[in-house]
Structure formats: structure tokens, C-alpha cells
Protein chains: 2
Amino acid sequence: MTTSGSDGHRRAHTGRRRNEEARQAILDAALRLLTTARHDGGPTVDVIAHEAGVGKQTIYRWWQSKGAVLLEALTDWSDSLVPVPDTGSLREDLCTYLAHTFRRAGEPATAAVLRTLAAEAARDPGTAELFRQFTQTRRDALHAIVRRGRERGELGPELDLDLLVDQAYGLFWYRFLLGHGPLNQETAVRLTDALTCQ
Amino acid sequence: MTTSGSDGHRRAHTGRRRNEEARQAILDAALRLLTTARHDGGPTVDVIAHEAGVGKQTIYRWWQSKGAVLLEALTDWSDSLVPVPDTGSLREDLCTYLAHTFRRAGEPATAAVLRTLAAEAARDPGTAELFRQFTQTRRDALHAIVRRGRERGELGPELDLDLLVDQAYGLFWYRFLLGHGPLNQETAVRLTDALTCQ
DNA sequence: GCGTTATCGAGACCGACAGTTCCGACAAAT
DNA sequence: ATTTGTCGGAACTGTCGGTCTCGATAACGC
């Protein structure tokens, strides 16, 4: 609608203190542009700034790079992305979590975000580190599921859980980015079977 | 040593026909620059052209993008990269292949090449397609190993071999690019065990 | 109250780099 | 002998991440 900012009103100046509204406007704009399906690269800094009704300086004063903005927007958004189930059954928890993850990644908006972030991480070392931290939180979630399963005796006590987690997320990212194979619900089931040695 | 071309002599002009020496010089320069450890992004087109003693036009006349040049250089080079073992034992073949793959990826030159190509593929859709083709040849190699194993009865006949292959290569690329976990010889053994359900 | 100070939006500017276009030279094709 | 396509070299364009400057504004410290 409006060409500057998500709405037409002018933000009040906060003088010598950081403008929290501007911060939110930047993150909102970043996420909005990130989820807008495009086939080229991610949004440019100029476009984010313009969309947020903000000067580029205001972005670079608070974030170290474009990737940092995008990743913070993603992190805020994804906190409620994929819940971590705890039903008492490893196979059920695992399959639910994987199926949910695959389904989300299949949605165009989510896919665009993840793809753009991965590309940005490949370009900028600083963003790569932030991306590493983001994936770490997902690893932790999956790790918790399999650890509970092992504590219940559903997995051998000597099993390398990190390896198991990385087999799952490795397959996910590999297929998501390269697209050699599908990421559907059947894949989730089969992967669950394979990981639990059924 | 020399500032233009890998050696000092001037190439002979081939008139109206394509200069094969120039083509090789470009690919050689691309690979040489690709394997040179750098912490920033890949080599620029200008540098490749200068290193090969060639005009940029000569590059863009024969390749559609920088990534296409890099990927052709990589493909030529990697044909003899990781041999496909066939000892008659699935676990031995698998473990050998994975261990070899991991070891190669640990060498700085190889690591720089793979990392740069992955970044380039993330940036440019055309290069992404070529990268997909490259990884497909590696998938095929691993697929052949497990297919032979299944034919010998070392795997269940209903197993999804594509899934198995993608678990392996997924873990490889995930750890290679993100670095959450190691890619050492023990990892190869453990992964082999996991994939063959030992 | 009043000078100081930090942030704000806006825009000019810089440097890197992918990709294009032009040029004179050259030899094969015709 | 003329035409044609490539070659090396270089200037040029456009995009984009990131920096710098500027006037306006209001909180902060005295």
C-alpha cells in the first residue's frame, strides 16, 4: 500500500534514546520481504530500509550486517515454528517432529525464508555463525526427543545421538536445498523407521 | 610468478576457431585459484581471466556464468577424486567410501573448492543446477555400493536406498558446511553401523 | 533552563564484482 | 582477397553491501 513503512503514520521521534518502534518496523519489514516469494536473491538493505520507513544507518547502527537482521527476524518468527512433542513414544515423537518440519519447509513462505538465509550464510561469514546458532537450537530440540527416548530404553544406550540427529537434519537440508528427493510425510515415516532401526 | 598466464609464453592465435589452449588455461586457472585457501569468497572473474592470460569476453563466450567455469573445473578434477570400492562386503565398501570422502573433505584444498562451489550455487540458480548434477554423480556412486549390497542380501529388500544415500550425503554436507559435528574416521564407522542397522 | 549528546530519516557516496560491449589484431574459412 | 569468428585487453554498466554526512529532534546532565 504505502511506499514507506507498513502504515502511513509518522513515527514519533524518541530523541536520544533508541526508537523501539523503528526496530520493530525493521524486523517486520525484513520478515515480510523474506516471506514474499521471489526467485532471485533476498531483499536488499535499501529495500528493507525503505519498506520500514527508516534510514540505512538506523539498520547498521543496531545490526552488524544484513544477514543479522534477517536472522533475527527469522528467529523471532520461528520460536513458535515447530513444537517439540513429548508423548512418551520415541517413534511417535520423532515422526511427528520430522513430519511437521518437512511440512513447514514445503510452505512457500517458509521455504523462501530458509533458502534466502542459507544463501546469505554462504555469502557472509558473520551470518554463517548466526545461522549456525539458529540450526543449533533446532538440533537441540531434536536431541531432546531422542534423549528422552533413550532414557526410556527405546534406543541402545551406546548410540551416538549427535550422529542420529545429524542424519535427520542432514537429510532434511540436503533434500531441501538440493532437491534430489522428496520431503513428504512418507519420507518422515521412513526416516523415523531407519533412525530407530525398525 | 608471471602476472599473466601460468607461464610466460604467448599463445598462438588460432584465427576463426576456438583456442583449446585458452580453454585449458581458463580451467587450470580457475582450479588453481579455487584450491588456494582463502577465507573470503571465491575467485573473481577478473582474477581468473588475468591469471589465465585471457580476456573476460573469452570466458563469457563459452560459459554462461562464473559458477559454470568453476564447476567444470571441479568436475574435470574430481573424476578421480573418490574411487568406488567393490570388495564384496557392503559394510567394508560403505565404510571405505565414506572414510575416503570425509578425509578428502578435510584437506584444505578440497574443502576450499567444495565450500566455494556451494556458496556460488546458493547465489546463482544456474550454478545451482550444475551443482545438483555434480552431487548427483556422487549420489550415484554411493547408490551403486548399497545396491550391490542389497543384491547380496546384506540389506532388507524393501529398504529405501535413496533415503539411505541421502542420510549419508546429508550428514556429510550438513557437518561439512555447518560444522556442528566432526567428519573423522570414527564418524565413518559409526555412520556405516547406523546405516546398516548394526 | 540550556548546552550536550545520541538517535532519527534521508540520501550521497564508495568499493567490489558480475556481466556487457567495444576494439584492433589475427588467421581460418570461403 | 574478402569475410568471419575468436582472441586479449580494457572501458563500461548496474547492482548491492556498507559507510559517511547532514539537519532535525528530544532526552540527558548540569
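Residues numbered from 1 in each chain as written. Chains lettered and ligands numbered in written order. Predicted model: local features only at pLDDT ≥ 70, side-chain atom pairs only at ≥ 80, totals over all residues. Heavy atoms only, no water.

Quick look at the relation of the copies chain B and chain A
When chain B is fitted to chain A, the best match, at an RMSD of 0.1 Å, comes from turning it 180° and sliding it 0.0 Å along the axis. On the angle and the small slide along the axis, the relation comes out as a two-fold axis. Taking C-alpha positions as reference, the residue of chain B nearest the rotation axis is Gly170(B), located at 2.0 Å. Taken together, the interface assignments show that 100% of the residues at the interface of chain B recur at the interface of chain A, consistent with an identical surface on both copies. (Least-squares fit on C-alpha atoms with pLDDT ≥ 70 in both. Contact = heavy atoms within 4.5 Å.)

Describing the protein's contact with DNA strand D
What surrounds DNA strand D is a group of 28 residues, the closest being Arg16(A), Lys56(A), Lys66(A), Arg16(B) and Arg61(B). Here a sugar or linking oxygen of DNA strand D sits 2.8 Å away from a polar atom, N or O, in the side chain of Arg16(A). One of the side-chain N or O atoms of Trp62(B) is found 3.0 Å from a phosphate oxygen in DNA strand D. Elements that contribute at least two residues to the surface near DNA strand D include exactly α3 (56-62) of chain A together with α3 (56-62) of chain B. Across the surface near DNA strand D, the residue classes tally to 5 nonpolar, 13 polar and 10 charged. (Near = heavy atom within 4 Å. Polar contact = N/O pair within 3.5 Å; in protein donor to acceptor, adjacent residues only side chain to side chain. Helix = DSSP H or I, 4+ residues; strand = E, 2+ residues; numbered from the N terminus. Nonpolar A, V, L, I, M, F, W, Y, C, P; charged D, E, K, R; others polar.)

Points about the packing of helix α1 (residues 20-35) of chain B against helix α4 (residues 66-78) of chain B
Residues and elements named next belong to chain B. The N-to-C vectors of α1 and α4 enclose an angle of 85°; their axes lie 9 Å apart at closest approach. Considered as vectors, α1 and α4 are oriented roughly perpendicular to each other. Contacts from Arg23, Ile26, Leu27, Ala30, Leu31 and Leu34 of α1 reach α4 at Val69, Leu70, Glu72, Ala73, Asp76 and Trp77. Looking at the contact of α1 with α4, its residues break down into 9 nonpolar, no polar and 3 charged. (Axes fitted to C-alpha atoms, helices over the stretch in contact; angles between N-to-C directions. Parallel < 35°, antiparallel > 145°, perpendicular 65-115°, else oblique.)

A closer look at the packing of aromatic side chains
Scanning the entire structure with this criterion turns up 16 aromatic pairs over all chains. Their ring planes at 5° and their centres at 5.9 Å tell us that Phe102(B) and Phe172(B) sit as a pair that is stacked. Highlighted residues: Phe102(B) in helix α5 (residues 90-106) and Phe172(B) in helix α8 (residues 161-178), separated in sequence by 70 residues. By relative accessible area, which is 4% here, Phe172(B) ends up buried. Judged by centre distance (6.3 Å) and plane angle (40°), the ring pair of Phe131(B) and Phe134(B) falls under tilted. Taken together, the residues span about one helical turn, with Phe131(B) and Phe134(B) both in helix α7 (residues 125-151) at a distance of 3 residues. Assessed through its relative accessible area of 6%, Phe131(B) is described here as buried. For Phe134(B), a relative accessible area of 8% puts it in the buried group. Ring-pair connections join several aromatic residues into one group, and the members of that group are Phe102(A), Phe131(A), Phe134(A), Tyr169(A), Phe172(A), Trp173(A), Phe176(A) and Tyr174(B). Across from the ring centre of Phe176(A), 4.3 Å away, lies the NZ or CZ of Arg115(A), which sits over that ring. (Phe/Tyr/Trp six-rings, centres within 6.5 Å; stacked < 30°, edge-to-face > 60°. Buried < 20%, exposed > 50% of the residue type's maximum accessible area, 1.4 Å probe, protein only. Lys NZ or Arg CZ within 6 Å of the ring centre and 35° of its normal.)

Things to note about the pattern of salt bridges
Here the idea is simple: oppositely charged side chains can pair when their charged atoms come close. Per the stated rule, a full pass over the model turns up 32 salt bridges over all chains. Of the charged contacts in the structure, one is a salt bridge between Asp46(B) and Lys56(B), with a shortest N-O distance of 3.5 Å. Here Asp46(B), found in helix α2 (residues 45-52), pairs with Lys56(B), found in helix α3; they are 10 residues apart in sequence, far enough to count as distant. Salt bridges here are not isolated pairs; linked through shared partners, they connect Arg139(A), Asp162(A), Asp166(A) and Arg175(B). (Salt bridge = Lys/Arg side-chain N within 4 Å of Asp/Glu carboxyl O.)

What to know about the nonpolar core
Ranked by internal contacts, the top residues of the largest apolar core, which has 61 residues, are Ile59(A) and Phe131(A). The contact partners of Ile59(A), leaving out residues within four places of it in the chain, are Ile26(A), Val45(A), Ile48(A), Ala49(A), Val54(A) and Val69(A). Among the nonpolar cores identified, the runner-up in size contains 60 residues, and Ala30(B), Leu81(B), Leu94(B) and Leu142(B) belong to it. (Core = buried A, V, L, I, M, F, W, Y, C linked by side-chain atoms within 4.5 Å.)

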